[in-house]
Amino acid sequence: MKKKYSIFSIARNALTSHANWQAAWRSSDPKKAYDVIIIGGGGHGLATAYYLAKTFGISNVAVLEKGWIGGGNTGRNTTIVRSNYLWDESARIYEKSLKLWESLSQDINYNVMFSQRGVLNLGHTLQDMRDIERRSNANYLNGIDSEVLTTADVARLVPILDTSPDARYPILGASLQKRGGVARHDAVAWGFARAADQLGVDIIQNCEVTGIQRNEGRVSGVYTSRGTINASNVGIVTAGHSSTVAEMAGLRLPVESHPLQALVSEPLKPILHTVVMSNAVHGYISQSDKGELVIGAGVDSYVGYGQRGSFSIIEGNLSAIVELFPAFSRVRMLRQWGGIVDVCPDACPIIGETDVRGLYINCGWGTGGFKATPGSGWVFAHTIATGQPHALNAPFSIKRFNTGALIDEHGAAGVAH
Amino acid sequence: MLQIECPWCGPRDQSEFSCGGEAHISRPLEPDALDDIEWADYLFFRKNPCGRHYEQWCHIFGCRRWFNAIRDTVTYKFIAYYEMGANPPELD
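The shown structure was predicted, so the numbers you read here are calculated from the model rather than taken from an experiment. (Residues numbered from 1 in each chain as written. Chains lettered and ligands numbered in written order. Predicted model: local features only at pLDDT ≥ 70, side-chain atom pairs only at ≥ 80, totals over all residues. Heavy atoms only, no water.)

Draft legend 1. Fine view of the sheet that holds strand 15 (residues 293–299) of chain A. All names here are of chain A. With mixed pairing, 8 strands are arranged side by side in an open sheet as 5-6-4-13-14-15-12-16. Pairing within the sheet leaves two strands with one partner each, and these edge strands are strand 5 (147–150) and strand 16 (333–343). Put simply, the sheet's adjacent strands are angled 20 degrees from each other on average, direction ignored. Across 4 bridges, the pairing between strand 14 (residues 283–287) and strand 15 is antiparallel. The partner of I285 across the bridge, within strand 15, is I295. Contacting strand 4 (119–123), strand 12 (256–265), strand 13 (275–278), strand 14, strand 15 and strand 16, helix 9 (residues 311–324) crosses the sheet at an angle of about 130 degrees to strand 15. (Pairing = 2+ DSSP bridges. Helix = DSSP H or I, 4+ residues; strand = E, 2+ residues; numbered from the N terminus. Axes fitted to C-alpha atoms, helices over the stretch in contact; angles between N-to-C directions. Contact = heavy atoms within 4.5 Å.)

This is the structure in structure tokens:
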């Protein structure tokens with residue numbers, strides 16, 4: 001049994017120079033069989049395993065990770081959390097996620113440093129402002145907080161933004177979701193891993209799935225670099241590598257994988273207390289608790305699995321940031337990296353059953369998966385546990401590409417990639 | 001930064017090009033004859049390989065002509081270029 005993290009455990013461990021902290025999770029060897037196997041130990045996969053055990057009482061679960069926990073997209077994003085999506089279907093699933101975020105640290109007994117510092121989406125043209133008002137009204141109808149700000153409001157909230165009328169792309173206003181913010185991304189992976197482990201889930205790192213075993217149209221297990229593991233239910237949650245893993249079961253997906261880049265600056269004293277995003281000039285920025293500016297760029301238009309992108313994307317991104325924040329023009333960048341995001345034609349995820357019975361897939365989150373981590377895990381756990389999608393993820397079936405019931409969030413949701 | 005070899009203009013900077021996605025997808029001649037699954041496959045479903053990929057590129061800020069290329073999606077290295085409408089060259 002794991003010891004609970006609390007102020008007393010910090011004090012107790014301080015007496016022994018913090019040398020005796022328990023490992024956050026066991027290092028498990030794979031058993032011969034499980035009730036459920038989750039392929040992919042990122043945030044979404046670990047959250048799925050956690051909610052399977054906690055909410056749906058299925059704890060004979062293995063999470064298979066080819067690398068290490070937190071080494072993929074979970075540790076490569078810009079940590080922004082918001083739910084101000086335009087369409088009802090997306091608004092509901094992201095709002096479910098945001099509600100889970102609000103109590104996540106207590107729920108999993110791990111401080112994910114969820115900070116509701118507000119997310120500002122800037123408008124630079126008349127059409128931007130009309131879209132922002134439309135989106136804010138749609139958000140109201142779905143019970144999601146959103147405010148429309150004028151240029152003067154924006155200048156008061158973030159004085160370092162260039163709000164002058166002679167800016168190259170003048171800021172005409174913004175939407176503000178005060179309940180949005182950021183979370184510590186590594187802590188999300190580690191926290192879910194620890195909480196799932198505590199409920200009996202085996203987390204198996206350095207275990208790459210090489211094939212999916214099927215028997216008469218039903219999944220029966222997976223072949224891995226550490227032997228064959230049987231299971232009658234398997235969930236694929238492998239983000240950028242969804243197509244390659246789905247192909248192991250003979251499935252074709254409507255996604256393409258692209259490199260998405262982000263970068264951080266040298267640490268600065270507190271200067272930016274909210275998240276600022278701009279669709280028109282394409283950049284998004286926040287300041288981490290360490291003081292670094294965390295900046296998100298765009299995707300490269302070509303398919304790429306290399307976890308790095310083009311220099312021209314960074315150049316365009318930083319010129320947009322400097323347009324918005326002239327004060328940042330001499331800030332030096334420390335690190336830059338890329339993650340592989342699987343983008344759907346309608347910029348919405350695929351969560352549900354596949355043509356192989358017992359095989360489920362959760363993919364296509366594209367450039368915006370981090371904010372959805374708890375909600376995605378929760379609905380996917382429901383889908384695997386009951387064999388049926390929850391009302392929240394039923395619209396996100398892969399069948400929508402056949403029926404034509406797409407949920408077109410391209411450009412409707414803050415930042416278009 | 002990639003250097004891409006336009007078959008007409010020679011090696012040029014990546015920023016002059018735009019990627020047109022997977023090559024060799026032809027519009028069905030009789031769309032009415034397809035069912036929803038076949039039509040969706042043509043519209044939305046893609047190979048998305050981790051490795052060798054057959055793609056279309058356009059020298060958009062140059063001669064504005066399209067061409068096909070074979071590129072490795074892990075190393076991003078271009079392996080071969082060939083004209084639109086041509087069959088891809090044989091590779092090992």
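Draft legend 2. Looking closely at the domain arrangement of chain A. Residue and element names in this part refer to chain A. Segmentation of chain A into domains returns domain 1 (29–79 + 185–255 + 346–413) and domain 2 (115–181 + 257–342). Spacing between the C-alpha centres of domain 1 and domain 2 amounts to 29 Å. Taken together, the 19 residues of domain 1 in the interface contact 19 residues of domain 2. Between domain 1 and domain 2, a total of about 1,400 Å² is buried, with carbon and sulfur atoms accounting for 48% of that surface. For the domain 1 face of the interface with domain 2, the top three residues by lost area are R76, T78 and G240, together amounting to 40%. Summed over the shared surface of domain 1 and domain 2, the result is 0 salt bridges. Joining domain 1 to domain 2, the criterion identifies 9 residue pairs in polar contact (both at pLDDT 80 or more). (Domains from an automatic or database assignment. Buried area = accessible area lost by both parts, 1.4 Å probe. Salt bridge = Lys/Arg side-chain N within 4 Å of Asp/Glu carboxyl O. Polar contact = N/O pair within 3.5 Å; in protein donor to acceptor, adjacent residues only side chain to side chain.)

Draft legend 3. Representation of the interface of chain A and chain B in the model. Every contact between the two is made by 27 residues of chain A and, on the other side, 24 residues of chain B. Interface area, chain A with chain B, both sides summed: about 2,100 Å², of which 54% is carbon and sulfur. Looking at the side of chain A facing chain B, the largest losses of area belong to A:R252, A:Y302 and A:N402, adding up to 31% of the total buried there. Counting across the chain A and chain B interface gives 1 salt bridge. For A:R252, the salt bridge identified is with B:D41, shortest N-O distance 2.9 Å. Our count for the contact surface shared by chain A and chain B stands at 13 residue pairs in polar contact (both at pLDDT 80 or more). If you list the elements that add at least two residues to the side of chain A that touches chain B, you get helix 8 (242–247), strand 12, helix 9 and helix 11 (400–403) of chain A.

Draft legend 4. Main features of empty space enclosed by the protein. Residue and element names in this part refer to chain A. Applying the stated criterion to the full structure yields 1 cavity of 30 Å³ or more. By volume, the largest cavity is sized at about 40 Å³. In this structure, the largest cavity is lined by D162, A167, R168, Y169, I171, V281, E323 and L324. Split into classes, the residues belonging to the lining of the largest cavity amount to 5 nonpolar, no polar and 3 charged. (1 Å grid on protein atoms, 1.4 Å probe; cavity = no way out; pocket = protein on both sides within 12 Å on 5 of 7 lines; lining within 4 Å. Points joined across faces, edges and corners; volume = space filled by probe spheres on them. Nonpolar A, V, L, I, M, F, W, Y, C, P; charged D, E, K, R; others polar.)

Draft legend 5. Summary view of the pairing of strand 2 (residues 61–64) of chain A. Burial of strand 2 of chain A is two-sided: the residues A:V61 and A:V63 facing one way and the residues A:A62 and A:L64 facing the other way are all buried. The handedness of the strand 1 (residues 33–39) of chain A to strand 2 of chain A crossover, carried by helix 2 (residues 43–54) of chain A, is right-handed. (Buried < 20%, exposed > 50% of the residue type's maximum accessible area, 1.4 Å probe, protein only. Right-handed = clockwise from strand over helix to strand, strands pointing away.)

Draft legend 6. Looking closely at the layout of surface pockets. Empty space within the second largest pocket amounts to approximately 510 Å³. Two domains each provide a minimum of three residues to the lining of the second largest pocket, namely domain 1 (29–79 + 185–255 + 346–413) and domain 2 (115–181 + 257–342) of chain A.

Draft legend 7. Quick look at the packing of helix 2 of chain A against helix 10 (residues 373–386) of chain A. Residues and elements named next belong to chain A. Two elements in contact, helix 2 and helix 10, have axes whose closest approach is 7 Å; the angle formed by their N-to-C orientations is 55 degrees. Taken together, helix 2 and helix 10 sit at an angle that is classed as oblique. Remark: the crossing between helix 2 and helix 10 carries right-handed chirality. Contacts between helix 2 and helix 10 involve G43, H44, A47, T48, Y51 and L52 from the former and T373, P374, S376, G377, W378, F380, A381, I384 and A385 from the latter. For the contact of helix 2 with helix 10, a count of residues per class yields 9 nonpolar, 6 polar and no charged. (Parallel < 35°, antiparallel > 145°, perpendicular 65-115°, else oblique. Left-handed = near helix turned anticlockwise from the far one by under 90°.)

Draft legend 8. Broad picture of the pattern of salt bridges. All names here are of chain A. Per the counting criterion, the structure on display carries 21 salt bridges over all chains. Across the salt bridge formed by R117 and D289, the nearest N and O atoms sit 3.0 Å from each other. A residue pair is termed long-range when its members are at least 10 positions apart, and R117 in the loop between helix 4 (104–108) and strand 4 and D289 in the loop between strand 14 and strand 15 qualify at 172 residues. Exposure remark for R117: the relative accessible area of 18% places this residue in the buried category. Of the charged contacts, one joins K178 and E147 as a salt bridge, the two residues approaching to 3.5 Å between their closest N and O atoms. Note that K178 is positioned in the loop between strand 6 (173–177) and strand 7 (181–182) and E147 in strand 5, a separation of 31 residues in sequence. One network of salt bridges, in which partners are shared, links E95, K99, E102, D145 and R179.

Draft legend 9. Quick look at the nonpolar core. Ranked by size, the top nonpolar core spans 51 residues in total, and within it A:Y51, A:W101 and A:F192 carry the most contacts. Elements supplying a minimum of two residues to this core: strand 1, helix 2, strand 2, helix 3 (88–102), helix 4, helix 7 (185–198) and helix 10 of chain A. Counting residues in each nonpolar core, the second largest holds 32 residues, with A:I37, A:I39, B:A40 and B:F44 among its members. (Core = buried A, V, L, I, M, F, W, Y, C linked by side-chain atoms within 4.5 Å.)

Draft legend 10. Expanded view of the sheet that holds strand 4 (residues 52–58) of chain B. Residue and element names in this part refer to chain B. Read from one edge of the open sheet, 4 strands run 3-4-5-6, paired in antiparallel fashion. Edge positions in the sheet fall to strand 3 (18–22) and strand 6 (78–82), since each of these pairs with one other strand and no more. Going across the sheet, the axis of each strand differs from the next one's by a mean of 30 degrees, ignoring polarity. In the sheet, strand 5 (residues 66–72) pairs with strand 6 via 4 bridges, with the strands oriented antiparallel. Within strand 6, the residue paired with N68 across the bridge is Y82.

Draft legend 11. Broad picture of the packing of aromatic side chains. Across all of its chains, the model carries 20 aromatic pairs over all chains by this definition. Consider the rings of A:F56 and A:W378, whose centres lie 6.0 Å apart with planes at 55 degrees: the pair is tilted. Highlighted residues: A:F56 in the loop between helix 2 and strand 2 and A:W378 in helix 10, separated in sequence by 322 residues. A residue is classified by how much of its surface remains accessible, and A:F56, at 22% relative accessible area, is partly exposed. Looking at A:W378, the relative accessible area reads 14%, which means it is buried. Through pairs of rings, three or more aromatic residues link up here, namely A:Y302, B:F17, B:W57, B:F67, B:Y76, B:F78 and B:Y81. Here A:R194 stacks its cationic end above the ring of A:Y5, 3.5 Å away from the centre of that ring. (Phe/Tyr/Trp six-rings, centres within 6.5 Å; stacked < 30°, edge-to-face > 60°. Lys NZ or Arg CZ within 6 Å of the ring centre and 35° of its normal.)

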